[in-house]
Amino acid sequence: MPENSSRKKAVALRYDKAESAAPKVVAKGAGDIADKILALAREHGIPIHEDADLVEILARLNLNQEIPPATYIVVAEILAFIYRSNESYTRP
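Residues numbered from 1 in each chain as written. Predicted model: local features only at pLDDT ≥ 70, side-chain atom pairs only at ≥ 80, totals over all residues. Heavy atoms only, no water.

Broken down by element type, the protein chain carries 3 helices and 2 strands. Counted from the first residue to the last, the protein chain has its helices and strands arranged as β-β-α-α-α. A total of 92 residues make up the protein chain; the buried ones form 25% of that total. At a minimum sequence separation of 6, the contacts of the protein chain that also span at least 24 residues come to 54%. Element-wise, carbon and sulfur atoms account for 55% of the exposed surface of the protein chain, whose accessible area totals about 7,000 Å². (Helix = DSSP H or I, 4+ residues; strand = E, 2+ residues; numbered from the N terminus. Buried < 20%, exposed > 50% of the residue type's maximum accessible area, 1.4 Å probe, protein only. Contact = heavy atoms within 4.5 Å. Areas by Shrake-Rupley, 256 points an atom, 1.4 Å probe, with all protein chains shown as cover.)

A few words on helix 2 (residues 52-59). It helps to recall that an α-helix has 3.6 residues per turn; residues three or four apart then point in one direction. Listed as buried for helix 2 are Leu54, Val55 and Leu58. Mapping the buried residues of helix 2 onto a view down its axis gives an arc of 100 degrees, with all of them on the same face. Residues of helix 2 that are exposed and point over 90 degrees away from its buried face: Ala52 and Asp53. Sitting at the head of helix 2, Asp51 places a side-chain oxygen 3.2 Å from the backbone nitrogen of Asp53. (Arc of directions from axis to C-beta. Polar contact = N/O pair within 3.5 Å; in protein donor to acceptor, adjacent residues only side chain to side chain.)

To continue, consider the nonpolar core. Val11, Ala22, Val25, Leu54, Val55, Leu58, Leu61, Ile67, Val75, Ile78 and Ile82 form the largest nonpolar core, which has 11 residues in total. Residues contacting Leu54, with those up to four places away along its chain left out, are Thr71, Val74, Val75 and Ile78. (Core = buried A, V, L, I, M, F, W, Y, C linked by side-chain atoms within 4.5 Å.)

On to the layout of surface pockets. The computed volume of the largest pocket comes to approximately 1,000 Å³. Lining the largest pocket are 36 residues, with Val11, Ala12, Leu13, Pro47 and Ile48 sitting closest to its centre. Elements represented by at least two residues in the lining of the largest pocket include exactly strand 1 (9-14), strand 2 (24-30), helix 1 (32-43), helix 2 and helix 3 (72-90). Here the lining of the largest pocket is composed, by residue class, of 25 nonpolar, 4 polar and 7 charged. (1 Å grid on protein atoms, 1.4 Å probe; cavity = no way out; pocket = protein on both sides within 12 Å on 5 of 7 lines; lining within 4 Å. Points joined across faces, edges and corners; volume = space filled by probe spheres on them. Nonpolar A, V, L, I, M, F, W, Y, C, P; charged D, E, K, R; others polar.)

Although it is not a glycine, Asn64 adopts a positive phi angle of roughly 70 degrees. Structurally, Asn64 is set in the loop between helix 2 and helix 3.

We now examine helix 1. For helix 1, with 12 residues, the first-to-last C-alpha span of 16 Å sits near the 16 Å given by 1.5 Å per residue. Looking only at helix 1, the buried set comprises Ala34, Ile37, Leu38 and Ala41. The arc enclosing the buried residues of helix 1, seen along the axis, measures out at 95 degrees, which places them on a common side. Exposed positions of helix 1 whose direction lies more than 90 degrees from the buried face are Asp32, Lys36 and Glu43. For helix 1, the secondary structure elements touched by its buried residues are strand 1 and strand 2. Among the residues trailing helix 1, Gly45 stands out with phi positive, at a value near 70 degrees. (Expected span 1.5 Å × (residues − 1).)

What follows is the structure, given as structure tokens:
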């Protein structure tokens, strides 16, 4: 059965500069799986960024695959936003 393109999709990235040169896809899914990924992120205080076009690109990658160089700038901007948000959140 073909996948319905209107279903919610989610992709989770992990970046450990000691481990790899670029963020890796650590979870991905559509529908109920996407809902579970998002629920776990919320439960653990992991920031969520919504970008349907980027999710479409990243969802094509295999698990544990590094993101492609063409997405570095977009992902770097998202990570910078998250780091700034976390810094301002943790400041007294």
